[in-house]
Amino acid sequence: MSAPAAAPARGDRALGEALFPYVLRLADTSLVLGQRLGEWIGHAPALEEDLGLANLALDLIGQARLLLTYAGEIEGRGRDEDALAYLRDAPEFRNLALAEQPNGDFAHTIVRQWLIDGWQLEVYEGLTGSADMRLAAIAAKALKETRYHYRFSSGWLLRLGDGTAESQARAQQALDSLWRFTEELFAPDEIDERMAEAGIAPRLGAAAGRWERRIGQELRTATLTLPERRPHPWYGKCGVHTEHLGHLLGEMQHLQRTYPGVSW
Amino acid sequence: MYTQALDVHGREPVPAAAAEVAAAAARFQARIDADEKIEPKDWMPDAYRQTLIRQISQHAHSEIVGMLPEGNWITRAPSLRRKAVLIAKVQDEGGHGMYLYSAAETLGISRAQMFEQLLSGAAKYSSIFNYPTLTWADVGAIGWLVDGAAIMNQIPICRCSYGPYARAMVRICKEESFHQRQGFEIMLTLARGSAAQHAMAQDALNRWWWPSIMMFGPSDADSKHTAQSMRWKIKRFSNDELRQKFIDITVPQARFLELSIPDPALRWDEATQHFSSGPIDWNEFHAVLKGSGPCNRERLEARRSAHQAGAWVRAAATAHAAKQAARALASQEARQA
C-alpha cells in the first residue's frame, strides 16, 4: 500500500466518521477473541497451553485497549476504553462474528484462532504502512504479536490434522462448523473501501488471495479439507451478530452494569 | 502460591550397610549445617528426598489449583486494565507450577506421576483454594492476604538447602510480591470507592481472614515434624512464628484500608510487642484439609475434567511428533540409499 506521510482523516469529517467504526472493528475483534480465550485459562489440555492461551489473550486485550482508546478519541464524545468495552450493547459491537463463536473443544478454539490470526496478519501488515500514524504504530506492535499467535495456531492445526484419527475428525468438524463465518473477513464494504482509498487501510481484495493461498497450503499439510460453501454470510463487522455475543457481553459487562459510575 | 503440611515425611531409607549410610547421612548433615546447597545428583537421605518431593509437588499443585478461583473472575474483571492484570497473574501462577514441577522432577518423579497424584486425590494442595471467589473483592483479598501469607512462607524457602527449589523460589517470590501489591491496590480502590464497594471489600476480608491465617499450618505444638525439616533447612521458621509475622504486618494494612479484621479478640500486646489474636478454628482447618471445604469437589473436578477433555489433544501432539520423526528417518534413509 502506498501511503502519504500525514493522516488525512482528521481534517475530513466524513472520513473521520468512517474511521471510528473501522477502528472499532479491529478493537472489538481483539477484545471479543481475547475474552473467549480468557475462558480457557486454568482449563487447557496441558499447562503449556494454559500459558500459551493466556499469552494470546493478554496480547489481544492489549490491542483492544490501544484501539478502543484511539476509537474514543476519534469519536470525541469522551468515551474511554472501558466505556466502549463495557457500556455498549451487542448491536453496537463491530467484531468479526467468528471471534464471538464459543470455544467449543480445543479444535474449535484453534481453528477459530488460526482463521482470525491469518486475517489479522494481512490487516496489520497492511496497516503498518497506514497514512494514519497512530494506527500504523498500533499495527506494528500488534503484527509482532500476531506472528507469534499464528505460529501457535498453525502449529496446533497441523498437530491436530496430522495427529490421530480423532483429532483429525475434530479439526475437520471445527473447520466445517466455523467456515461459514469467514465470508466477511476479506469482503470489503463501504467502510473498508473508504479506508483503502484514503490510504489508511489495506485493500482487502488483494489480501484475500494471499490469505486463501496460505490457508489452502496449510490445510493440505494438515490433511484437512476446505469446506465448499459459506451458507450464511454473517457480518459482525456491520453489527450483524450471532446469539453468542449477547451472552459473552452479559458476563463481561456484569460489574460495570450492576454498579454504574464507580471506579475499579 | 503456597503449600502446607510441609512436615509429612516419606519412608525411611533401607540401609544396605547401616554404618555406611550413617556416615553418608552425617556428611550430608554437615554440608547442610555449613549452608551448602544440595544438588540433584548429590547423595541425600531418602526421607529428605521424599519430604522435598511431597512439599514441592504440593506447592506446584497449589499453584495449578490456585489458577481456578482467580480464573473465575477473568471474564468478569470490571475494567480492561484489571482483566489484563488478572490474566497475567493467573498465567504467572501457571508458570510457578511449571518451575516447581521441574524442580520436583530433579528428585526423580515425573510431572505425569505428580498430576496423577493430584487428580486421584492422593496429593494435597493448599486448602485456601477450596474457598469460593464470590465477588470481585475476593480477587483483591486473595492477592492481599493469600499471596501475602504465601510470601511470608516462601521467602525463607529461597534459602532452602535444596538448590533447584531455592532457585525456583527466588523468581516466584518476586512475582508473588507484585501479586500482593496488585491485590492490595484492588482492596484500596474498593475500600475508598462507593459504600457498596466498601461493603464488598469488608465481606471479602471477613471470609478470607481466617482461612489465610490457617495457611501457615497447624500450631507448633501440633506440628510434629517441623524440627526435622528445620534441621534439614527445608524450613527456617515455625508455623506460629510465620503466622505472627503475617498478622503483625497485615493488621496495620487493614486499618489503613479502614476495614475491620473479623477477630473480636485481636489486640496489641505491649508486653510482647505483637498483635495477639483469638483462637483459630482448627476443626474447620482439618475438615477442609480432609475434603469437606466449600469447593474441594469443584476444584478437583475442574482439574480432572480439563485433564480428561485434553487427553485427545495430548495424544494428537504425541502422534504427530512420532509421524514427523518417522518421516525424517525415512527421508534420511532414502538419501543414503
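Calculation rules
Residues numbered from 1 in each chain as written. Chains lettered and ligands numbered in written order. Predicted model: local features only at pLDDT ≥ 70, side-chain atom pairs only at ≥ 80, totals over all residues. Heavy atoms only, no water. Contact = heavy atoms within 4.5 Å. Buried area = accessible area lost by both parts, 1.4 Å probe. Salt bridge = Lys/Arg side-chain N within 4 Å of Asp/Glu carboxyl O. Polar contact = N/O pair within 3.5 Å; in protein donor to acceptor, adjacent residues only side chain to side chain. Helix = DSSP H or I, 4+ residues; strand = E, 2+ residues; numbered from the N terminus. Nonpolar A, V, L, I, M, F, W, Y, C, P; charged D, E, K, R; others polar. Axes fitted to C-alpha atoms, helices over the stretch in contact; angles between N-to-C directions. Left-handed = near helix turned anticlockwise from the far one by under 90°. Buried < 20%, exposed > 50% of the residue type's maximum accessible area, 1.4 Å probe, protein only. Core = buried A, V, L, I, M, F, W, Y, C linked by side-chain atoms within 4.5 Å. Parallel < 35°, antiparallel > 145°, perpendicular 65-115°, else oblique. Disulfide = S-S within 2.5 Å.

Undergrad: Just checking my understanding: could you explain the interface of chain B and chain A for this structure?
TA: How big an interface is tends to be reported as the loss of accessible area on association of its parts. At the interface, 46 residues of chain B touch 47 residues of chain A. Of all residues in chain B, Thr75, Leu80 and Trp312 of chain B give up the largest surface area on contact with chain A, accounting jointly for 21% of the area buried on that side. Where chain B meets chain A, there are three salt bridges. Among the ionic pairs, arginine 111 of chain B bridges to glutamate 48 of chain A, the shortest N-O distance being 2.6 Å. At the boundary of chain B and chain A, one finds 18 residue pairs in polar contact (both at pLDDT 80 or more). Broken down by element, the residue count for the side of chain B that touches chain A peaks at 14 residues, all from helix 3 (residues 80-105) of chain B. Residue classes in the side of chain B that touches chain A are distributed as 26 nonpolar, 11 polar and nine charged.

Undergrad: Even after reading the chapter, I still don't get the packing of helix 4 (residues 106-127) of chain A against helix 5 (residues 133-161) of chain A, so can you show me in this structure?
TA: For any two helices packed against each other, one specifies the crossing angle of their axes together with the interaxial distance. All names here are of chain A. For the pair helix 4 and helix 5, the least separation of the axes is 7 Å and the interaxial angle reads 145°. When the axes of helix 4 and helix 5 are compared, the crossing they make is left-handed. Residues that form the contact of helix 4 with helix 5 fall into these classes: 18 nonpolar, seven polar and three charged.

Undergrad: Is there a simple way to explain unusual backbone geometry in this structure?
TA: For residues other than glycine, phi is negative in most cases, and the peptide bonds are mostly trans. If you check the backbone angles, threonine 223 of chain A has positive phi at about 55° while not being a glycine. Residue threonine 223 of chain A is classed as partly exposed on the basis of its relative accessible area, which comes to 40%. Although it is not a glycine, lysine 233 of chain B sits at a positive phi angle of roughly 55°. The residue lysine 233 of chain B is located in the loop between helix 8 (226-231) and helix 9 (239-256) in this model.

Undergrad: Is there a simple way to explain the nonpolar core in this structure?
TA: Here is a general trend for soluble globular proteins: nonpolar side chains tend to be buried in one another's company. Counting 178 residues, the largest nonpolar core has Leu135 and Leu160 of chain A together with Tyr48, Trp136 and Tyr162 of chain B as the members making the most contacts within it. Beyond its immediate chain neighbours, meaning those up to four positions away, leucine 160 of chain A contacts Phe106, Ala107, Ile110, Ser167, Gln168 and Ala171 of chain A together with Trp312, Val313 and Ala316 of chain B.

Undergrad: Where do I start with the packing of helix 3 of chain B against helix 6 (residues 163-191) of chain B in this structure?
TA: All names here are of chain B. Where helix 3 meets helix 6, the axes come as close as 10 Å, and the angle between the chain directions of the two elements is 160°. Relative to helix 6, the element helix 3 lies roughly antiparallel. Where helix 3 crosses over helix 6, the handedness of that crossing is left-handed.

Undergrad: What's the story with the state of the cysteines in this structure? I'm lost.
TA: What makes a disulfide is a covalent bond joining the sulfur atoms belonging to two cysteines. Under the counting rule described, the total for this entry stands at zero disulfides over all chains. Between cysteine 158 of chain B, a free cysteine, and cysteine 173 of chain B, which holds the nearest cysteine sulfur, the sulfur-to-sulfur gap is 3.7 Å.

Undergrad: I'm lost on the pattern of salt bridges in this one. Help?
TA: Two side chains carrying opposite charge are able to pair once their charged atoms lie near each other. For the structure on display, the rule yields 34 salt bridges over all chains. Between glutamate 36 of chain B and arginine 31 of chain B there is a salt bridge whose closest N-O contact spans 2.9 Å. For glutamate 36 of chain B, a relative accessible area of 39% puts it in the partly exposed group. Beyond isolated ion pairs, a larger network of salt bridges with shared partners links Arg25, Asp189, Asp192 and Lys237 of chain A.

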